[in-house]
Amino acid sequence: MNFNMKAISKKIYYSCPEVVQEFIGPLMSIYNKAKRSDLNPSYFPKKSNFTSYIDEPLIFSNEKKRYFTKPYREEEYLLICDDTLMVEILPGNEISTSKSEIISVDESSLIPVSFKFEGTAIIERKNDKEVSLSGFQPNRYYYFTLHPGEKLVINSDQNKIICDPIPLEKKSNRDIKFILCIFVDGLSNNWDNKDKLRNLMPNTYKYFSEGVIFKNCYVNGEWSLPSLANIFTGQYTHLHKIFHPEKNCEVSVDKEILSEYFQKKDYLTFHVGANWRKSPAYGYVKGFDRTVYKKDMECFDVISNLLEQLFAFENRDQFGWIDLFDLHRTGYSSNVPDLSCQAHYSQNAQSYHEKYKKKSVFNNYDPRKIERYTNQISRLDKYLKLIYDHIESNYTDNEVLVMLCSDHGQSYLSPNNNPLSDSRIKVPFMIRGKGVPKNIESYELIENVDIFPTMLKLSEIEFNEETISGQLPKILGGKEERKLVYSESIYPGQTFKATIRDGTYQFYFETEHPTTDDGMIVLGLYKTTLISEDNGSEITNEDDLVIQYTTQVLKNIETNNLDVQNI
């Protein structure tokens, strides 16, 4: 929300000067403090309580690009901007001069343009005929089709955003034409020690049965913020340092993230975002030619935006990432469930008296939420079929690489309150397409950091393997299987926790003292436990293994604390 507070103060002063000291002074102090203090990126497109990214570009470290945010699919946009606004974000240039901007292209392209207030566009055709266009809504992106030999003339006395041309066609010799990651927030792969997703997601299982379905994939962090950074950087949390729920931070300041690799290989990159812990302001707009974002966006909006992109650029090789946030909302008592879910609820599931005050990672076991959760999974699977059908109708398996993954499970799925228990950190990972074996359910141990090298390796994109924690699973062509998987919880105000699983044992580590606000891990009298995977009993006769795993965790803590001290 943008206010001209100086103008407001003048009006009040002239009409009623006696209230200035009592009213305007404190109000201006609050305004100036709020304007200076930026909100954390989860509030995007709000920048502070009085400013937004509708009026200011996103600018990131070591990047020359400036990303401009405009309302999308909104009939009216006044001065009100909250964190529920659907927006479209493109890299471009802001031009403040009133002179005409003349654009030409070497290949048929779309030219995105946004006018601050009023403006006109003139397209000069090859036969010297002109088409004059006007009546544009302010602060929207309009796409003008331009062919070789034509000119686009943009006129406006006010500021305007002109983005780089987006070619409608590009010839390439590569086999993979479409790469898609379907990210389902909060999708667990294990609760009550049963494989339930097969029955809850029949369309998804049918599609990915033509590829590899991993049964032992573990996230490296227990909630969205660190876990998403694990995927996009290929690094553990103690290396990428994205963990604080309230602070401003940018993902991977000095290294390229996943999307940037595909953009540099001339894929048209596209992101539909619904997860506010992966908002554009965290840096996840980097590497994407076009982003559509709305906090908590419904799955049908996400899928329709994906299809719109594919319809518009049907002759381009594309890399797409979509966030599906619907499962996360089942933990909110304030959310009214969808009709198709309520139609299958028991009376018990329709009780919403619980109060949503805790963060989702700290919720307690709740059978009512479990029932709502499983119904929402089934609903989501029906919508996902729209994507699977489109892909199978327009591409062969050798022309695609499609993946489904998640960032964490749910705390209310199990009475086990450990944030690193299976119901919270064991998630699905499924993949189908070129170079992927068919009809395999793999029990190989893998981690979320392995998604990064998997996508790049199978897409034949080179990267520095020494800078990441992930590795290519052996079933997909990697050198060897992982012998163990590692997860850690770095959360300010909570004790540091880590777990190592090797298929036989689960090793748990916990510090005595809470993690500091800047991420320093304070050991104290730390605790270690070794548990049997078979029966959950504590193992007391494997001292050498406990020492080995403790040493590994302490080494990671040392790396983390050293990095914190150097910040």
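For the structure, see preceding data.
Residues numbered from 1 in each chain as written. Predicted model: local features only at pLDDT ≥ 70, side-chain atom pairs only at ≥ 80, totals over all residues. Heavy atoms only, no water.

K.L.:
Provide a residue-level description of the overall build of the protein, including the pertinent values.
P.N.:
Summing up its helical and strand segments, the protein has 13 helices and 24 strands in all. Residues counted as buried form 58% of the 567 residues belonging to the protein. Partitioning the contacts of the protein with sequence separation of at least 6, the portion at a separation of at least 24 is 71%. When the accessible surface of the protein is totalled, it reaches about 25400 Å², and 48% of it is carbon and sulfur. (Helix = DSSP H or I, 4+ residues; strand = E, 2+ residues; numbered from the N terminus. Buried < 20%, exposed > 50% of the residue type's maximum accessible area, 1.4 Å probe, protein only. Contact = heavy atoms within 4.5 Å. Areas by Shrake-Rupley, 256 points an atom, 1.4 Å probe, with all protein chains shown as cover.)

K.L.:
Could you give me a rundown of helix 10 (residues 367-394), with the residues and numbers involved?
P.N.:
Over its 28 residues, helix 10 extends 41 Å from the first C-alpha to the last, a length consistent with the 40 Å expected when each residue adds 1.5 Å. Two or three places before R368, at the opening of helix 10, D366 has a side-chain oxygen 3.0 Å from that residue's backbone nitrogen. (Expected span 1.5 Å × (residues − 1). Polar contact = N/O pair within 3.5 Å; in protein donor to acceptor, adjacent residues only side chain to side chain.)

K.L.:
Break down the pattern of salt bridges for me, with residues and values.
P.N.:
What the rule picks out here adds up to 27 salt bridges. Here K385 makes a salt bridge to D389, at a shortest N to O gap of 2.9 Å. In this pair, K385 and D389 are both assigned in helix 10, four residues apart and thus about one turn of the helix distant. Under the relative-accessibility criterion, K385 is labelled partly exposed at 35%. Here D389 falls in the partly exposed class, since its relative accessible area comes to 31%. Linking R482 and D450 is a salt bridge whose minimum nitrogen-to-oxygen distance equals 2.8 Å. Taken together, the residues span a long stretch of sequence, with R482 in the loop between helix 12 (451-458) and strand 21 (485-489) and D450 in the loop between strand 20 (446-447) and helix 12 at a distance of 32 residues. The class of R482 is buried, set by a relative accessible area of 13%. Each of E392, D397, R432 and K438 takes part in salt bridges that share partners, so that together they form one network. (Salt bridge = Lys/Arg side-chain N within 4 Å of Asp/Glu carboxyl O.)

K.L.:
Describe the sheet that holds strand 21, naming the residues involved and giving the relevant values.
P.N.:
The strand order across the open sheet formed by four strands is 21-22-23-24, and the pairing between neighbours is antiparallel. What marks the edges here is a single partner per strand, and that holds for strand 21 and strand 24 (527-532). The average undirected angle you get between the axes of adjacent strands in this sheet is 15°. Where strand 22 (residues 495-501) lies against strand 23 (residues 505-514), six bridges are found, and the strand directions are antiparallel. In the sheet register, T495 faces strand 23, and the bridge partner there is P514. (Pairing = 2+ DSSP bridges. Axes fitted to C-alpha atoms, helices over the stretch in contact; angles between N-to-C directions.)

K.L.:
Give me the lowdown on the nonpolar core, citing residues and values where you can.
P.N.:
The nonpolar side chains of soluble globular proteins are, as a tendency, buried together. Core analysis: the biggest nonpolar cluster contains 51 residues, and F262, W321, I431 and M455 have the highest contact counts within it. Looking at this core, the elements with two or more residues in it are strand 12 (178-184), strand 13 (212-218), helix 5 (224-233), helix 7 (258-264), strand 16 (318-324), strand 17 (400-405), strand 18 (426-433) and helix 12. With residues near it in sequence (within four places) discarded, F262 still touches I179, Y267, T269, F319, M455, L456, S459 and I461. Membership of the second largest hydrophobic core comes to 45 residues, among which are I182, C299, L380 and L404. (Core = buried A, V, L, I, M, F, W, Y, C linked by side-chain atoms within 4.5 Å.)

K.L.:
Tell me about the sheet that holds strand 7 (residues 130-133), and name the residues and values.
P.N.:
The strand order 4-9-6-7 describes an open sheet built from four strands, whose pairing is antiparallel. Looking at the sheet topology across the chains shown, the edges are occupied by strand 4 (101-103) and strand 7. Averaged over all adjacent pairs, the angle separating strand axes in this sheet is 20°, with direction ignored. As paired strands, strand 4 and strand 9 (residues 151-155) are joined by three bridges and run antiparallel to one another. Paired with I102 across the bridge in strand 9 is V153.

K.L.:
Kindly report on the environment of N190, identifying the contributing residues and their values.
P.N.:
Here N190 is to be found in the loop between strand 12 and helix 3 (197-200). Relative accessible area serves as the criterion here: at 11%, N190 is assigned to the buried category. The spatial distance from the C-alpha of N190 to the C-alpha of S414 is 9.7 Å, given a sequence separation of 224 residues. In this structure N190 touches D422, S423 and K426, once residues within four positions along its chain are discounted.

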